[in-house]
Amino acid sequence: MNKLSSIKQTLLVFIATIVSGYAQEIDFSFQDPNLSPEKRAEILVSQMTNEEKLKQLLSSAPAIERLNIPSYDWWNEALHGIARNGKATIFPQGIAIGASFDPTLAHRVSSAISTEARAKYEVSQSMGNRGKYAGLTFWTPNVNIFRDPRWGRGQETYGEDPYLMSKMGVAFVKGLQGDNPDYLKSAACAKHFAVHSGPEELRHHFNAEPSKQDLYETYLPAFEALITEAKVEGVMSAYNAVYGKAASGSEFLLKETLREDWNFDGYVVSDCGAINDIFKGHKTAKTKEEAAAIALMAGVNLNCGFTYKFLGKALEEGYITEELLDERTEQLFKTRFRLGILDKENSENPYNSMGPDKIHCDEHIALAREAAQKSIVLLKNDNNTLPLSKNIRVPYVTGPFANSADVLMGNYYGVSPNLVTVLEGIADAVSLGTSLNYRSGALPFQKNLNPLNYAPVVVGMSDATICVVGISADMEGEEVDAIASPSKGDRKNLKLPQNQVDYIKTMIEKKKDKPLILVIASGSAVSLEGIEEGCDAILQMWYPGEQGGNAVADVLFGNISPSGHLPITFPKNVAQLPPFEDYSMQGRTYKYMTEEPMFPFGFGLTYSTTKFDNLEIRNSKIRKNKNLELSIKVSNTGEFDIDEVVQLYISPVKNNDNLPNTSLKGFQRISIKKGVTKTLNFSVPSNELKVINSKGEKIWKKGLYKVFIGNSSPSKLSKKLGAADPQIAEIQLK
């Protein structure tokens, strides 16, 4: 052996001895599942170097082999099914789930999603796939208020009302996270915190300045509910600033509100690239090191992006302390311990037993169909045009989206081998003797290039025409994904693309005395000015998921009665809306809008008729800390078995404090057979009877209030369009 080889061997032995000795000193008790997640995280992080800790604060966290910690990528999506990770069941988009007014359904859907997530996670782990979208930390749901129908990402939310958003969001989170006291099934994340709902183009530097009344009445309630009621594991900070501070660097939002006021005990992740916006977009930091330090000090544990790579220098320069670094890192490992993904394979985690047979299984496919059925809203049905007979002789299906799979999915979608278009659903529903005809008739977003078009002629030769129009996630969505949008995902107006409008008008001229049924695909409100009056029936199908075509056919041909209700107001046009950039709620949503819209919040027809009577208030004079207790009789007086959404609203008789004109305070979705009467009981907690004053304080405001119970928000328009007469009573808060 030469001298060089001898030195090399001696050096290797020395290094091995040092490493071996170091390994023996490691306290692996953090692997003990009998210890609390807090204690396990504390033991683990105390043995990590600063360099190791800093790398764990990035969403793509590397392995720490000496501590037996595998790599983990935090970024995953499950808005309406496992997204961007291969085969999975695609459920209806968030706005469609909101239209169901069914928290139980939302819980069932998210439970199915988390079941598939666990099954997919086990398969991914077995093949060494630890990359993006393969984990169990879902950046879902989006509970930003859909305050303006032009916002392209409003489709991800459950609607424009904070009460509805809270109920649906809480149910969805509980389904994702499961009910085991020791383990999370998956980790949900409430986003985007806070006061975030467009414009997309301005989000990286926009500063929202809502009144304190709007902040606590509209923008924060859903987040508070998800944290205090559902114990959501994660919160994502928004791109925009609030009151001059970037959301990812706002101690008011992330420290005072989340941690101190709401006792949040989960992790905070920045929206992707949002910490860099502190420096580049909002310009409230002079360097990237300072931006990273501001976010860490405010409360951001995890950086989706790369700005936290500058935290090492921030630590050296004294911007942050090692104690703070430990605290932020421990919070992340608490989540991983709560998921059980750092436990040994033979642990008692009940969620480890979910096999691949649960992925896109028959049960979940059936649930996707049911969810789509319950979300479809019947907006118009003149002369009982619907349902159609399955034995119809010559139906005509047309429109740019009649045979489109894209409009089934919306944004943040998974991949399914079983996408059923509206045309396919209808083809499977009608009689084998039916002469079904189809032509698209119109391009979706541009004028037809060929001046010759036989499609409108077929309308006059058909027994009924079903025209599927709308927009898609190519036209509305996130700024980086909506490739057909000239305004980076948002909408400039609420009309359908002009080529579709022209085509519909041509069909109205050609249809003679035969019915024209319009089926609309969208994730937001669509203005039908100049179109609505020429259509005999109108269905809003949203982005209905993989079983959308079957669900639409189920409604069209009477397998089920439509039962969805609008979770957003449909204005007549953008002239009825305040400026998009204005975050004041004045003039927005059913709660503050004074002009008459095209279709009101909460509206939705069925194939039957509903009657409300015998409203009984237990105590019309209510003192502080007492609940409002009441009952109502609901009768199905028509010829179809239906699901109905019974809605309770409260309005101040005198409104001199800028309060909402009316507010949803309760709802119940019920199944009721024809000829049956049911008695429903409502209890509105005293806390829900309080109002938010101009200072943002929740107060008991004495005075007279009206109580409305019906199947739409209270208005003359609701009644004109076919909603039931509501029952009205008056109460006094003492």
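Residues numbered from 1 in each chain as written. Predicted model: local features only at pLDDT ≥ 70, side-chain atom pairs only at ≥ 80, totals over all residues. Heavy atoms only, no water.

A. Fine view of the pattern of salt bridges. In the structure shown here, the tally under the stated rule is 36 salt bridges. Across the pair Lys-53 and Asp-326 runs a salt bridge whose closest N-O atoms are separated by 2.5 Å. Of the two residues, Lys-53 sits in helix α3 (residues 50-56) while Asp-326 sits in helix α13 (residues 322-339), which places them 273 residues apart along the sequence. Exposure class is identical for Lys-53 and Asp-326. Each is buried. Arg-393 is the partner of Asp-463 in a salt bridge, and the nearest nitrogen-oxygen pair spans 4.0 Å. With Asp-463 in the loop between α17 (455-459) and β12 (464-470) and Arg-393 in the loop between β9 (377-381) and β10 (395-398), this residue pair connects regions lying 70 residues apart in the sequence. Residue class for Arg-393 comes out exposed when judged on its relative accessible area of 63%. By sharing partners, the salt bridges in this structure join Asp-102, Arg-108, Glu-370, Lys-374, Asp-643 and Arg-669 into a single network. (Salt bridge = Lys/Arg side-chain N within 4 Å of Asp/Glu carboxyl O. Helix = DSSP H or I, 4+ residues; strand = E, 2+ residues; numbered from the N terminus. Buried < 20%, exposed > 50% of the residue type's maximum accessible area, 1.4 Å probe, protein only.)

B. Representation of the packing of aromatic side chains within the structure. Evaluated as defined, the whole model comprises 22 aromatic pairs. Consider the rings of Phe-599 and Phe-603, whose centres lie 6.3 Å apart with planes at 15 degrees: the pair is stacked. The structure contains a cluster of three or more aromatic residues connected by ring pairs, namely Phe-101, Tyr-163, Tyr-590, Phe-601, Tyr-649 and Phe-667. Over the ring of Tyr-412 we find Lys-191, and its NZ or CZ is 4.9 Å from the ring centre. Here the guanidinium or amino end of Lys-212 rests over the ring plane of Tyr-243, the centre of that ring lying 5.6 Å away. (Phe/Tyr/Trp six-rings, centres within 6.5 Å; stacked < 30°, edge-to-face > 60°. Lys NZ or Arg CZ within 6 Å of the ring centre and 35° of its normal.)

C. The arrangement of the sheet that holds strand β17 (residues 628-636) in detail. With respect to topology, 3 strands assemble into an open sheet ordered β15-β17-β20, the strand pairing being antiparallel. One side of each edge strand has no neighbouring strand; the edge strands of this open sheet are β15 (610-617) and β20 (677-684). With direction set aside, neighbouring strand axes in the sheet form an average angle of 25 degrees. Inspection of the sheet shows β15 paired to β17 by 6 bridges, in the antiparallel sense. Bridge pairing in β17 places Thr-610 opposite Asn-636. (Pairing = 2+ DSSP bridges. Axes fitted to C-alpha atoms, helices over the stretch in contact; angles between N-to-C directions.)

D. Unusual backbone geometry, seen in detail. The residue after Gly-198, namely Pro-199, is reached through a cis peptide bond having omega -5 degrees. Relative to the helices and strands, Pro-199 resides in the loop between β3 (189-193) and β4 (207-208). That bond from Leu-386 to Pro-387 is cis: its omega, 5 degrees, falls within 30 degrees of zero. In this structure, Pro-387 sits in the loop between β9 and β10. With phi around 60 degrees, Arg-84 is a residue other than glycine that occupies positive phi space. With respect to the element layout, Arg-84 can be found in the loop between β2 (72-73) and α4 (94-99). By relative accessible area, which is 31% here, Arg-84 ends up partly exposed. Positive phi is not limited to glycine here, since Lys-231 has a value of about 55 degrees. Secondary-structure assignment places Lys-231 in the loop between α8 (221-228) and β5 (234-237).

E. Up close: the side chain of Glu-644. When you line up the elements, Glu-644 lands in strand β18 (residues 642-652). A polar side-chain atom of Glu-644 sits 2.7 Å from a polar atom in the side chain of Thr-610. Apart from the residues lying within four places of it in its own chain, the contact partners of Glu-644 are His-565, Thr-610, Gln-668, Arg-669, Ile-670 and Asn-711. (Polar contact = N/O pair within 3.5 Å; in protein donor to acceptor, adjacent residues only side chain to side chain. Contact = heavy atoms within 4.5 Å.)

F. Seen up close, the packing of helix α2 (residues 37-45) against α13. Put simply, α2 and α13 touch, their axes get as near as 8 Å, and they point 125 degrees apart. Overall, the two elements α2 and α13 adopt an arrangement that is oblique. In the crossing of α2 with α13, the sense of the turn from one axis to the other is right-handed. For the pair α2 and α13, contact is made by Pro-37, Glu-38, Arg-40, Ala-41, Glu-42, Leu-44 and Val-45 and by Asp-326, Thr-329, Glu-330, Phe-333, Lys-334, Phe-337 and Arg-338, respectively. Among the residues forming the contact of α2 with α13, the class breakdown is 6 nonpolar, 1 polar and 7 charged. (Parallel < 35°, antiparallel > 145°, perpendicular 65-115°, else oblique. Left-handed = near helix turned anticlockwise from the far one by under 90°. Nonpolar A, V, L, I, M, F, W, Y, C, P; charged D, E, K, R; others polar.)

G. Representation of a positive patch on the surface within the structure. A cluster of like positive charges, contributed by Lys-621, Arg-623, Lys-624, Lys-702 and Lys-734, occupies part of the molecular surface. Given a relative accessible area of 32%, Lys-734 falls into the partly exposed group. (Patch = residues over 30% accessible without salt bridge, like charges linked within 9 Å, V, L, I, M, F, W, Y side chains within 5 Å. Areas by Shrake-Rupley, 256 points an atom, 1.4 Å probe, with all protein chains shown as cover. Lys, Arg positive; Asp, Glu negative; His and termini not counted. Charge placed at Lys NZ, Arg CZ, Asp CG, Glu CD.)

H. Structural detail: the sheet that holds β4. An order of β4-β6-β7 is seen for the 3 strands of this open sheet, with the pairing classed as mixed. Each having just a single partner strand, β4 and β7 (245-246) make up the two edges of the open sheet. Where β4 meets strand β6 (residues 241-242), 2 bridges bridge the pair, whose relative direction is parallel. In the sheet register, Asn-207 faces β6, and the bridge partner there is Ala-241.

I. Structural detail: the environment of Glu-256. Looking at the element boundaries, Glu-256 is found in helix α9 (residues 251-261). Judged by its relative accessible area of 38%, Glu-256 is partly exposed. When the C-alpha atoms of Glu-256 and Ala-298 are compared, they prove to be 9.4 Å apart, with 42 residues separating the residues in sequence. Apart from residues lying up to four places away in sequence, Glu-256 is in contact with Glu-251 and Asp-261.

J. View of the nonpolar core. In terms of nonpolar packing, the biggest core is built from 105 residues, with Val-109, Trp-139, Phe-193, Leu-258, Tyr-308, Leu-311 and Leu-664 touching the most fellow members. The dominant element in this core, judged by the number of residues it contributes, is helix α6 (residues 162-177), at 9 residues. Residues in contact with Tyr-308, not counting those within four places in the same chain, are Leu-57, Leu-58, Ile-275, Ala-292, Ala-295, Leu-296, Val-300, Asn-301, Leu-302 and Asn-303. In terms of nonpolar packing, the next biggest core, distinct from the first, is built from 69 residues, Leu-518, Leu-528, Phe-570 and Ala-723 among them. (Core = buried A, V, L, I, M, F, W, Y, C linked by side-chain atoms within 4.5 Å.)

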